[in-house]
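Spelled out from the first residue to the last, the chains are:
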Amino acid sequence: MAELKKIGVLTSGGDSPGMNAAVRAVVKTALYHDLKVDGIYRGYNGMVNDMIEPLDKHSVQNIIALGGTILKSARCPEFRTYEGRKQAFDNVKRHNIDALILIGGDGTFAGGKVFMEEFGVPVLGLPGTIDNDLYGTDYTIGYDTAVNTVVSAIDKLRDTAHSHDRLFIVEVMGRDAGFIALRSGIASGAKKILVPETKTHIKELMDRLQQGISDKETSAIVIVSEGDDFGGAMEVKKVVSEKFPEYGVRVTILGHLQRGGSPSAYDRILASGLGYQAVLGLLDGKKGAMVGSVNRKIVFTPFDKTIKHHDKINLELKNIAEILSL
Ligand code: ADP
């Protein structure tokens with residue numbers, strides 16, 4: 001690679017709390033090593049359509065506590081075509097960007113991998129998604145905040161559930177993965193957690209609720225991942241309401257609430273460490289990999305692996321949740 005003088009950084013795919021802390025860490029570490037940084041706005045759109053501006057110390061002041069991303073994020077269909085990526089490369093060259101740091105999910109890394117192979121620009125990725133489903137890191141940036149957001153929402157719902165003898169079915173994000181459901185379910189004492197990774201047997205849920213009624217429990221919380229095979233919270237509500245008309249069943253779909261908000265201390269620290277390591281990685285000649293933290297060690301996992309494998313939920317946690325909700 002040509003001598004590294006300037007890094008381009010972008011955030012892409014779904015936003016997640018802590019992306020700003022990662023951008024800040026990239027900028028500050030780069031400046032410390034006498035490197036320049038350009039911010040690329042709106043994900044790959046900024047590369048394709050030349051929305052690229054220099055970032056300095058002042059650009060990242062007071063952003064560590066901000067949710068969302070100051071660089072904005074977007075999907076970019078043009079980047080899926082060679083012509084779009086060639087246009088992006090021309091802009092990268094024009095701005096004298098020598099290497100890229102991409103903060104996003106596996107779609108973002110898939111794009112980065114093709115771009116790197118076609119045009120030879122070194123690329124590293126940082127795991128920015130609330131879903132925590134990326135292979136190569138124990139935690140993704142934003143996941144801890146999302147779980148905390150869900151738990152604080154459920155704590156509030158529980159007040160009403162308890163006061164009015166209600167059953168709340170809470171739908172949380174996770175199209176393919178039950179990470180958010182599982183941890184927030186344990187932290188909020190949910191009666192049952194339905195996740196996409198395991199087949200949902202609705203009879204088991206009914207039995208569990210029936211047992212609660214027999215035990216004179218008057219309220220309960222059930223958590224459903226949006227990608228559960230039985231369907232979302234509305235489908236679950238239908239069958240539960242028919243079977244237990246005595247419960248006033250209510251549905252809450254937390255939706256995009258889960259993507260926003262000020263990042264937790266954990267996410268800020270994770271994002272700061274990974275952003276710092278990404279710059280050191282580029283200086284060290286690393287490329288084509290996602291920087292993650294596994295067992296508290298920094299690991300560079302080739303994009304190939306992060307794209308093909310999804311991290312698996314810990315099914316033991318599901319057993320713990322089941323037992324503790326009895
Ligand atoms: P995430 O990074 O959160 O998984 P997406 O899957 O939406 O988000 O991907 C973000 C962007 O990455 C897409 O809008 C597209 O521009 C780019 N991208 C995704 N997959 C590919 C691919 N196979 N080839 C080229 N670009 C891709």
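Coordinates for the structure precede this section.
This write-up is about the structure you can find in this document.

Rules used in this analysis
- Residues numbered from 1 in each chain as written.
- Predicted model: local features only at pLDDT ≥ 70, side-chain atom pairs only at ≥ 80, totals over all residues.
- Heavy atoms only, no water.
- Pairing = 2+ DSSP bridges.
- Helix = DSSP H or I, 4+ residues; strand = E, 2+ residues; numbered from the N terminus.
- Axes fitted to C-alpha atoms, helices over the stretch in contact; angles between N-to-C directions.
- 1 Å grid on protein atoms, 1.4 Å probe; cavity = no way out; pocket = protein on both sides within 12 Å on 5 of 7 lines; lining within 4 Å.
- Points joined across faces, edges and corners; volume = space filled by probe spheres on them.
- Nonpolar A, V, L, I, M, F, W, Y, C, P; charged D, E, K, R; others polar.
- Domains from an automatic or database assignment.
- Near = heavy atom within 4 Å.
- Areas by Shrake-Rupley, 256 points an atom, 1.4 Å probe, with all protein chains shown as cover.
- Phe/Tyr/Trp six-rings, centres within 6.5 Å; stacked < 30°, edge-to-face > 60°.
- Buried < 20%, exposed > 50% of the residue type's maximum accessible area, 1.4 Å probe, protein only.
- Lys NZ or Arg CZ within 6 Å of the ring centre and 35° of its normal.
- Salt bridge = Lys/Arg side-chain N within 4 Å of Asp/Glu carboxyl O.

## Some remarks on the sheet that holds strand E3 (residues 52-55)
If you walk across this open sheet you meet the 7 strands as E3-E2-E1-E4-E5-E10-E11, and the pairing is mixed. Two strands bound the open sheet, and with one partner strand each, they are E3 and strand E11 (297-302). Strand-to-strand, the axes of this sheet are offset by a mean angle of 30°, without reference to chain direction. Judged from the 5 bridges that link them, strand E4 (residues 99-104) and strand E5 (residues 123-127) form a sheet pairing that is parallel. Each residue of the ladder has a partner; that of Ile-101, found in E5, is Leu-124.

## Remarks on the layout of surface pockets
One number sums up the size of the largest pocket: a volume of about 770 Å³. Taken together, 32 residues form the lining of the largest pocket, with Gly-13, Gly-14, Arg-75, Asp-106 and Gly-107 sitting closest to its centre. Counted by class, the lining of the largest pocket contains 9 nonpolar, 12 polar and 11 charged residues. Shared between two domains, the lining of the largest pocket holds at least three residues of each, these being domain 1 (6-142 + 263-308) and domain 2 (143-259).

## Details of the site of the ligand
Around the ligand, the surrounding shell holds 15 residues, and the nearest of these are Arg-75, Cys-76, Gly-105, Gly-107 and Thr-108. Starting from 560 Å² of accessible surface for the ligand in isolation, the protein chains cover 81%. Among the elements that line the shell around the ligand, the one with the most residues is helix H4 (residues 106-119), at 5 residues. Within the shell around the ligand, the residues separate by chemical class into 4 nonpolar, 7 polar and 4 charged.

## Quick word on the packing of aromatic side chains
On inspection of all chains with the given rule, the structure shows 11 aromatic pairs. With centroids separated by 5.2 Å and ring planes inclined at 20°, the aromatic side chains of Phe-109 and Phe-303 adopt a geometry described as stacked. In this pair, Phe-109 sits in helix H4 while Phe-303 sits in helix H10 (residues 303-308), placing the two residues 194 residues apart along the sequence. What makes Phe-109 buried here is its relative accessible area of 0%. For Phe-303, a relative accessible area of 1% corresponds to the buried category. Residues Phe-244 and Tyr-247 carry aromatic rings whose centres are separated by 6.2 Å and whose planes lie at 75° to one another, so their mutual orientation is edge-to-face. Members of the aromatic cluster, connected to one another through ring pairs, are Tyr-44, Phe-79, Tyr-82, Phe-89, Phe-115 and Phe-119. Sitting above the plane of the Phe-300 ring, Lys-286 keeps its charged end 4.9 Å from the centroid.

## Examining the pattern of salt bridges
Side chains that differ in sign of charge can pair as their charged atoms come close. Tallied over the entire structure, the rule returns 13 salt bridges. Across the pair Glu-204 and Lys-192 runs a salt bridge, and its minimum N-O distance is 3.6 Å. Remark: Lys-192 occurs in strand E7 (residues 192-194) and Glu-204 occurs in helix H7 (residues 202-214); sequence separation between them is 12 residues. Classification of Lys-192 by relative accessible area gives buried; the value is 6%. A salt bridge links Asp-229 to Lys-199; the shortest N-O distance between them is 3.4 Å. Pair noted here: Asp-229 is in the loop between strand E8 (220-225) and helix H8 (233-243) and Lys-199 is in the loop between E7 and H7, with a separation of 30 residues, a long-range link. The partly exposed category is assigned to Asp-229, whose relative accessible area is 40%.

So, to be careful, I would describe these as geometric facts and stop short of saying anything about function.
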